[in-house]
Amino acid sequence: MYILGIETSCDETSIAIVKDGEEIIENLIFSQIETHKIFGGVVPEVASRLHMEVLNKIFKLAMEKSNLSLKDIDLISVTQGPGLVGALWIGITFAKTLAYALKKPLVGVNHLVGHIFANFLRKDPPNFPFISLVVSGGHTEWILVEDYDRYRLLGKTLDDAAGEAFDKVARLLGLGYPGGPAIEKAAEKGRLIFDFPKIKCERELDISFSGLKTSMLYLIKNLQKEGREIPINDLAFSFQYRVIEELLERSFIALNKFQTSTLVLAGGVVANKYLQKRFSEVSKRENIKLFMPPPILCTDNAAMIASAGYYLYNKGKVDGLDLSADPSLEIF
Ligand code: KG4
Ligand code: ZN
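These numbers come from a predicted model, not from an experiment.

### Notes on the environment of E141
Reasoning step 1: Structurally, E141 can be placed in strand β7 (residues 140-147).
Reasoning step 2: Residue classification places E141 among the buried positions, given a relative accessible area of 9%.
Reasoning step 3: Considered as a pair, E141 and L205 are 64 residues apart in the sequence and their alpha carbons are 8.8 Å apart.
Reasoning step 4: Residues within four places of E141 in sequence aside, it is in contact with L112, S132, L133, V134, L153, G155, K156 and F332.

### Observations regarding the sheet that holds strand β4 (residues 73-81)
Reasoning step 1: The strand order across the open sheet formed by five strands is β3-β2-β1-β4-β5, and the pairing between neighbours is mixed. What marks the edges here is a single partner per strand, and that holds for β3 (23-31) and β5 (106-110). Within the sheet, the average angular offset between the axes of one strand and its neighbour, ignoring direction, is 20°.
Reasoning step 2: Bridging between β4 and β5 involves five bridges; their strand directions are parallel. Bridge pairing in β5 links V78 to G108.
Reasoning step 3: The sheet contacts of helix α2 (residues 44-66) involve β1 (2-7), β2 (12-19), β3 and β4, and relative to β2 the element is tilted by about 25°.
Reasoning step 4: Sitting on the sheet, helix α11 (residues 302-314) is in contact with β1, β2, β3, β4 and β5, with an inclination near 125° to β1.

### Examining the pattern of salt bridges
Here the idea is simple: oppositely charged side chains can pair when their charged atoms come close.
Reasoning step 1: Counting across every chain of the model gives 23 salt bridges.
Reasoning step 2: Of the charged contacts in the structure, one is a salt bridge between R203 and D206, with a shortest N-O distance of 3.3 Å.
Reasoning step 3: The residue E281 makes a salt bridge to K277 at a minimum N-O spacing of 3.5 Å. Residue E281 and its partner K277 are located together in helix α9 (residues 273-286), separated by four residues, close to a single helical turn.
Reasoning step 4: What makes E281 partly exposed here is its relative accessible area of 35%.
Reasoning step 5: Its relative accessible area of 46% is what places K277 among the partly exposed residues.
Reasoning step 6: Counted as one network, the salt bridges with shared partners bring together K198, R242, E246, E249 and R250.

### Thoughts on the sheet that holds strand β8 (residues 150-156)
Reasoning step 1: Strands sit in the order β8-β7-β6-β9-β10 across an open sheet of five strands; the sheet is mixed. Strands at the two margins of the open sheet, each flanked by one partner only, are β8 and β10 (289-291). Put simply, the sheet's adjacent strands are angled 25° from each other on average, direction ignored.
Reasoning step 2: Pairing analysis gives six bridges linking β7 to β8, with the strands arranged antiparallel. Bridge assignment links I143 to a residue of β8, and that residue is L153.
Reasoning step 3: Contacts from helix α8 (residues 232-257) reach β6 (130-135), β7, β8 and β9 (262-266), with the element oriented near 155° to β6.

### Describing the domain arrangement of the chain
A common way to report how large an interface is uses the accessible area buried once the components associate.
Reasoning step 1: Under the domain assignment used here, the chain contains domain 1 (2-118 + 297-314) and domain 2 (127-292).
Reasoning step 2: Taken residue by residue, the interface counts 17 residues in domain 1 and 19 residues in domain 2.
Reasoning step 3: Both sides of the domain 1 and domain 2 interface together cover about 1400 Å² of buried area, and 77% of this is carbon and sulfur.
Reasoning step 4: By the criterion of area lost to domain 2, the three top residues of domain 1 are L112, I116 and C298, representing 42% of everything that side buries.

### As for the side chain of D300
Reasoning step 1: Structurally, D300 is set in the loop between α10 (295-298) and α11.
Reasoning step 2: For the buried D300, no salt bridge is present, and the opposite-charge side chain at shortest range is R171, 16 Å distant.
Reasoning step 3: For D300, the side chain forms a polar contact with the side chain of H111, separated by 3.0 Å.
Reasoning step 4: Not counting residues up to four positions away in its chain, the partners in contact with D300 are E7, S9, C10, E12, I29, H111 and H115.

### Structural notes on the site of ligand 1
Reasoning step 1: What surrounds ligand 1 is a group of 20 residues, the closest being G137, D167, E184, G268 and N272.
Reasoning step 2: In this structure, an oxygen atom belonging to ligand 1 sits 3.0 Å away from a main-chain N or O atom of G268.
Reasoning step 3: One of the backbone N or O atoms of D300 is found 3.2 Å from an oxygen atom in ligand 1.
Reasoning step 4: Protein contact buries 88% of the 550 Å² of open area that ligand 1 shows by itself.
Reasoning step 5: With respect to the detected pockets, ligand 1 is housed in the largest pocket.

Cut-offs applied
Residues numbered from 1 in each chain as written. Chains lettered and ligands numbered in written order. Predicted model: local features only at pLDDT ≥ 70, side-chain atom pairs only at ≥ 80, totals over all residues. Heavy atoms only, no water. Helix = DSSP H or I, 4+ residues; strand = E, 2+ residues; numbered from the N terminus. Buried < 20%, exposed > 50% of the residue type's maximum accessible area, 1.4 Å probe, protein only. Contact = heavy atoms within 4.5 Å. Pairing = 2+ DSSP bridges. Axes fitted to C-alpha atoms, helices over the stretch in contact; angles between N-to-C directions. Salt bridge = Lys/Arg side-chain N within 4 Å of Asp/Glu carboxyl O. Domains from an automatic or database assignment. Buried area = accessible area lost by both parts, 1.4 Å probe. Lys, Arg positive; Asp, Glu negative; His and termini not counted. Polar contact = N/O pair within 3.5 Å; in protein donor to acceptor, adjacent residues only side chain to side chain. Near = heavy atom within 4 Å. Areas by Shrake-Rupley, 256 points an atom, 1.4 Å probe, with all protein chains shown as cover. 1 Å grid on protein atoms, 1.4 Å probe; cavity = no way out; pocket = protein on both sides within 12 Å on 5 of 7 lines; lining within 4 Å. Sits in = over half its atoms within 2 Å of the grid points.

Here it is as structure tokens:
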């Protein structure tokens, strides 16, 4: 079965063709980052316009490269939400038009579920149940995944998402956008010299980044007041360290609490090499089976949407041509 995946929820326009939910035939991603960089963040109207300009072109290119014809496509899978409403509608309208013209089934996919399914694009995908940590620019959540379509929210951020915190702290440090990769790069030359306080929330599986962000802001202001140089690399490392240790600690609390031995990481922040190193070390020590997608499948892409669409379709999910964008779509 060939699945066409379409992803336009934020600032990546992506088209993928995936076979049987696991084998990537094509996964074309057009990143709009260079344009949004000028503004220091994603501008929704600009994102929609770029999706409109690019989507049909990369769809044609993916079809050409795959050597498949339109009639070979068996299923159309598209991100329904959460995301930017205008951006989502571009992908959904494209998907519905194709589904109608080709008379093929259509499945709307939750973007977060898509991120989890980036781990199913392989021959030996995770077995249920597992704990998934979704860490992206919009979300930080611990989820108990019991089946392809059964999710239980265990804990989440009470304010910013981890990726968002990376982006904001990068701005404070003058490192530009997107912040995650910029902080990672600076941190490679840095040391742990600032011991940011541990993050405490009422519920053990919730997290909050506002205190950490404020600590960073005051630290920078005080250094500036004293006329001292800002040790950007050390601050970047110390911030990255604190965020990742907190993510790690909660992930293992969740694994213990729900007696599961599989941990599935998902979302853009998982592209961070220090995060990968720490999660690998601790998982090995604790005998936990760890799944992390390759970096290109951590950030937004349509292959993960195609994979999720395949498994959900096999579970009986089909959408009609009345499918609409839902910018705050929940999975629970
Ligand atoms: O999953 P994603 O591509 O988009 C959303 O669904 O939000 O994640 C984007 C987020 C951004 O906040 C970006 O700064 C962060 O992922 N990110 C990283 C790294 N690469 C991307 N954060 C830390 N380290 C990285 N290497
Ligand atoms: Zn995403």
